[in-house]
Amino acid sequence: TQVVEKKSIEKTQVVEKKTRKKSEYPKLDGYKFQVLFGAMNYLSMFPSFVFAPWLWAKVFMVDYETAMTAEATKSIQGVFLCLLVVVTPSYVMALNDKNALFIDVSVVQRCTVVFLGVILTALTGQDPFPGYNMCLVMTAVDIGGGFAHAFSHPRGFTGAFKGVYALFKNTPINAFNKALRVEAYVGMTFGFMACIYAAIVSDVIMSVMMALVSTFVFYLWVWFNAVDLSETCRKTLSSHRVLVAATLLTMCQVYDFGVMNIVFRLMAANLLLAIGSPYLGAISSGVGTLLLYINIVLPVSNDGFYWCSLWGVLTVIASNVWIWLFYDDYDEKQKKRVMGTHWQDKILGFFLFVSSGGLERAGFGGPGTVGAPVVYLLPFVTMWFTLETKMLNHIKTGTPFHPSWWCEGDLPEFSKTDWVNVTFGVGTALITVVLTTYAFYAISTAVGSSSLGFGVENTFKFVLFHGMLFIFHSGLWMIFASSGIPEMGDHPKIRAFPPYVPPGFFGVFRCRPHNCIPVHKVDLATGAICMFFGVFFCDDGANLSQNKSFKIAVGLAWAYSVFAKLRLHIQDYGYIPSTPHTSTPIQAVKKKGE
């Protein structure tokens, strides 16, 4: 009887499975067919525009004789050529069941990344036609088509987004795919910077869309190959790299897109180096990102306050988007760390705003002044540091620079890969030691060291100087009381420099890292608020009551800060972390010996 029942159940399951396949496959075929349709479109756009531009004038609803200028024609050809060599091969390969999940990526990229690119193109006036005709056509066809494609997903509109999120959580299946993932993330950073460069520096029509497709969209394809659980065909990916690199170099030589040529040449170098090793491509992308950043800053250095404020806003927006997307997926301990990281992001964004404002008001924020390096470097390093801190949360690993994450066994002290350890270590050293120290030096030079004294008459200089001093001294105190000077990585060669210096005079005056954080937060908030009021509300000393009030407030703030630190050192005297500072290799040797 049990055998008969078992066979009956299996037969019912087979029937249900066949029925389910019959109901799902028509939708799935329609979902795939739209990719085939898109591949054919992207394949035909460039040649059809070259041989029949008058036909495209009708598509764009413009007069062929007057609107299709030489400059407009060249730029549209550039966009269509990028679509031909970057998007078409990935769409064709997505038709293979092995790469079918890339269909979800293509839908999401059209609904998000490309949509933002079209908006940025319109806002920067890079549409080739006065009535924004090309942006409107792209919105209707590419963006509207992307949303329509999303609605045809077998699981409904959100199915594609859920598919991409599932890919995001995948672990690369081998070392090569891990290297591809590093290349993809660094490459997307390069693509982001290329789009900003195209929007701010470039005067070439449609340069934002050319930068977006040739860089960011290509690295989305690399990212898919990294996180997809099927085997990546190296020869196919390498051939695609050569095709894109050759096309970009041809665009520089044949079309000559002026200031955009640096983007195309850097991207070609990234692609060709990545054929040898994705890590080489990642290094090249990182260097290229820095070069583009420098080329962006130089033209806007006279507007340093607005430039730094923009990056401060972007830092806060990125942090809020991160919380909105991923907060619910963390466990309770992670959520506490995540909210601490979120607070840190907001205070860093605010610091960009007030520090550049202080230098601008003091007359030291322009090129050739002591404040210029702050304008050049602080925004870039802030974004680098905050993004990598988010990555540490994602991969659930600690860092010796944040001892509260690992000192009680919540997370490992080091990441499994020293690429993460070293890059985060360098970013942390730059933002917490090098640039904060230099910002303190720049502001003290701008307002004069005499502004430290309570007898100074200029309220603006007094409050700004003390605000910066609160932030500067608190960072040094955290090194002394909490982290010491940790190693950059876990490998013995990397640990050689800088040598490890334990906190609190070799541990004697060390405090529990969790207890240091509230005191540090108060210092940072006090400093940022002082700088804000100093820049935007304090006068040069004409208002005597204002001068006296702010000096009393600053004096009380210093008294509280000193008292809180002394109290903490007395309370935590003799503190020993439950998880001592020991490298992973040493732990492995001990375990083997046991």
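Nothing here was measured: the structure is a model prediction, and the numbers come from that model.

Caption draft 1: Fine view of the overall build of the protein. If you tally the helices and strands in the protein, you get 23 helices and zero strands. For the protein, the proportion of contacts with a sequence separation of at least 24, taken over those separated by at least 6, is 77%. With the model as given, the accessible surface of the protein reaches about 27,900 Å², and the carbon-plus-sulfur share is 67%.

Caption draft 2: Layout of the side chain of Asn-133. The topology assignment puts Asn-133 in helix 7 (residues 133-151). Excluding residues that lie within four positions of it along the chain, Asn-133 makes contacts with Phe-60, Met-61, Val-62 and Asp-127.

Caption draft 3: Main features of the state of the cysteines. According to the stated counting rule, one finds zero disulfides in the structure shown. Looking at the unpaired Cys-511, the closest cysteine sulfur is the one in Cys-516, lying at 4.5 Å.

Caption draft 4: Here's a closer look at the pattern of salt bridges. Following the criterion strictly, the structure yields six salt bridges and no others. Across the pair Arg-110 and Asp-142 runs a salt bridge whose closest N-O atoms are separated by 3.1 Å. Separated by 32 residues along the polypeptide, Arg-110 in helix 5 (residues 102-111) and Asp-142 in helix 7 bring together distant segments of the chain.

Caption draft 5: Representation of the packing of aromatic side chains in the model. Under the counting rule described, the total for this entry stands at 36 aromatic pairs. Judged by centre distance (5.5 Å) and plane angle (45 degrees), the rings of Phe-60 and Phe-129 are tilted. Note that Phe-60 is positioned in the loop between helix 2 (53-59) and helix 3 (64-67) and Phe-129 in the loop between helix 6 (113-123) and helix 7, a separation of 69 residues in sequence. For the pair formed by Phe-60 and Phe-129, the shared burial category is buried. Taken together, a centroid distance of 6.5 Å and an interplanar angle of 90 degrees make the contact between Phe-192 and Trp-311 edge-to-face. Remark: Trp-311 occurs in helix 14 (residues 304-326) and Phe-192 occurs in helix 9 (residues 175-200); sequence separation between them is 119 residues.

Caption draft 6: Looking closely at the environment of Val-287. With respect to the helices and strands, Val-287 occurs in helix 13 (residues 278-300). Overall, Val-287 belongs to the partly exposed group, its relative accessible area being 48%. Put simply, Val-287 and Phe-190 are 97 residues apart on the chain and 8.9 Å apart in space, counted from C-alpha to C-alpha.

Caption draft 7: Quick peek at the nonpolar core. Among the nonpolar cores identified, the biggest contains 148 residues, and Phe-60, Phe-80, Trp-223, Met-251, Met-260, Phe-264 and Met-468 are the most heavily contacted of them. The element contributing the most residues to this core is helix 10 (residues 207-227), with 17 residues. Non-local contacts of Phe-60, meaning those with residues more than four positions away in its chain, are made with Met-68, Ile-76, Phe-80, Phe-129, Asn-133, Met-134 and Val-137. Trp-477, Ala-481, Cys-516 and Ala-564 belong to the second-largest nonpolar core, a separate cluster that totals eight residues.

Caption draft 8: Focus on helix 8 (residues 159-168). Among all positions in helix 8, only Gly-159, Ala-160, Gly-163, Val-164 and Leu-167 are buried. One side of helix 8 holds all its buried residues, which, seen down the axis, span an arc of 135 degrees.

Caption draft 9: Up close: unusual backbone geometry. You will see that Met-206, though not glycine, has its phi angle at about 60 degrees, which is positive. Mapping Met-206 onto the fold places it in the loop between helix 9 and helix 10. Classification of Met-206 by relative accessible area gives buried; the value is 0%. With a phi close to 55 degrees, Asp-256 is a non-glycine residue in the positive phi region. For Asp-256, the position within the fold is in the loop between helix 11 (234-255) and helix 12 (261-276).

Caption draft 10: Broad picture of the packing of helix 4 (residues 70-94) against helix 5. Relative to each other, helix 4 and helix 5 sit at 140 degrees, their axes nearing to 9 Å. Classified by the interaxial angle, the pair formed by helix 4 and helix 5 is oblique. Here helix 4 contributes Ser-90, Tyr-91 and Ala-94 to the contact with helix 5, which in turn contributes Phe-102, Ile-103, Ser-106 and Arg-110. Residue classes in the contact of helix 4 with helix 5 are distributed as four nonpolar, two polar and one charged.

Rules used throughout
- Residues numbered from 1 in each chain as written.
- Predicted model: local features only at pLDDT ≥ 70, side-chain atom pairs only at ≥ 80, totals over all residues.
- Heavy atoms only, no water.
- Helix = DSSP H or I, 4+ residues; strand = E, 2+ residues; numbered from the N terminus.
- Contact = heavy atoms within 4.5 Å.
- Areas by Shrake-Rupley, 256 points an atom, 1.4 Å probe, with all protein chains shown as cover.
- Disulfide = S-S within 2.5 Å.
- Salt bridge = Lys/Arg side-chain N within 4 Å of Asp/Glu carboxyl O.
- Phe/Tyr/Trp six-rings, centres within 6.5 Å; stacked < 30°, edge-to-face > 60°.
- Buried < 20%, exposed > 50% of the residue type's maximum accessible area, 1.4 Å probe, protein only.
- Core = buried A, V, L, I, M, F, W, Y, C linked by side-chain atoms within 4.5 Å.
- Arc of directions from axis to C-beta.
- Axes fitted to C-alpha atoms, helices over the stretch in contact; angles between N-to-C directions.
- Parallel < 35°, antiparallel > 145°, perpendicular 65-115°, else oblique.
- Nonpolar A, V, L, I, M, F, W, Y, C, P; charged D, E, K, R; others polar.

By themselves, these are just geometric observations and shouldn't be taken as functional.
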